[in-house]
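Listed here are the chains, written in short residue letters.
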Amino acid sequence: MIVDDVITDGASKRHAVELIRAQGAEPVAVLIALDRMERVGSDNALSSRSAVEEFTQAFGIPVLPVATLEH
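Rules behind the numbers
Residues numbered from 1 in each chain as written. Predicted model: local features only at pLDDT ≥ 70, side-chain atom pairs only at ≥ 80, totals over all residues. Heavy atoms only, no water. Helix = DSSP H or I, 4+ residues; strand = E, 2+ residues; numbered from the N terminus. Contact = heavy atoms within 4.5 Å. Pairing = 2+ DSSP bridges. Axes fitted to C-alpha atoms, helices over the stretch in contact; angles between N-to-C directions. Buried < 20%, exposed > 50% of the residue type's maximum accessible area, 1.4 Å probe, protein only. Arc of directions from axis to C-beta. Core = buried A, V, L, I, M, F, W, Y, C linked by side-chain atoms within 4.5 Å.

Q: Looking at this model, I keep getting lost on the environment of Ile 2. Mind explaining?
A: Relative to the assigned elements, Ile 2 resides in strand E1 (residues 2-4). Spatially, the C-alpha atom of Ile 2 lies 9.6 Å from that of Ile 20, the residues being 18 residues apart in sequence. Apart from residues no more than four positions distant in its own chain, Ile 2 is found in contact with Lys 13, Ala 16, Val 17, Ile 20, Pro 27, Ala 29, Val 30 and Leu 31.

Structure (structure tokens):
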């Protein structure tokens, strides 16, 4: 399991997944303290999905937040 505070653009988590997979292991989930529900992309081209949704779709790894902005 990868543990971090938030996902902004997912870059550090992507790197962690690559490192873990390079060693022959598979991360089972990402635990984050807060899902800020940010959308990725530039201001004039924001994705319809959040950074968490983009990460989950790209890597097939669930992201488990302790809290979200809705909380």
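Let's pick the thread back up.
Q: Sorry, what's going on with the sheet that holds E1 here?
A: Sheets are built from strands that pair by backbone hydrogen bonding, the pairs being arranged parallel or antiparallel. Strand order in this open sheet of three strands is E1-E2-E3, and the pairing throughout is parallel. Each edge of the open sheet carries a strand with a single partner, namely E1 and strand E3 (63-68). With direction set aside, neighbouring strand axes in the sheet form an average angle of 20°. Sheet topology places E1 next to strand E2 (residues 30-35); three bridges connect them, and they run parallel. Residue pairing across strands places Val 3 opposite Leu 31, the latter belonging to E2.

Q: Would you explain helix H2 (residues 51-59) in this entry?
A: Along an α-helix, a turn takes 3.6 residues, which lines up residues three or four apart on a common side. Within H2, burial applies to Ala 51, Val 52, Glu 54, Phe 55 and Phe 59. Mapping the buried residues of H2 onto a view down its axis gives an arc of 160°, with all of them on the same face. In the stretch just after H2, Gly 60 is the one whose phi turns positive, near 65°.

Q: Looking at this structure, I do not really get the nonpolar core. What am I missing?
A: Where a protein is soluble and globular, its nonpolar side chains tend to be buried together. If you look at the biggest cluster of nonpolar residues, it comprises 11 residues: Ile 2, Ile 7, Val 17, Val 30, Ile 32, Ala 51, Val 52, Phe 55, Phe 59, Ile 61 and Val 63. Elements with a contribution of two residues or more to this core: E2 and H2. When residues of this core are assigned to their parent elements, the largest contribution, four residues, is made by H2. Discounting residues that sit within four places of it in the chain, Ile 61 has contacts with Val 17, Arg 21, Pro 27, Val 28, Ala 29, Val 30, Phe 55 and Thr 56.

Q: Looking at this structure, how should I read the environment of Phe 59?
A: Structurally, the position occupied by Phe 59 is in helix H2. Spatially, the C-alpha atom of Phe 59 lies 22 Å from that of Ala 45, the residues being 14 residues apart in sequence. Non-local contacts of Phe 59, meaning those with residues more than four positions away in its chain, are made with Arg 14, Val 17 and Arg 21.

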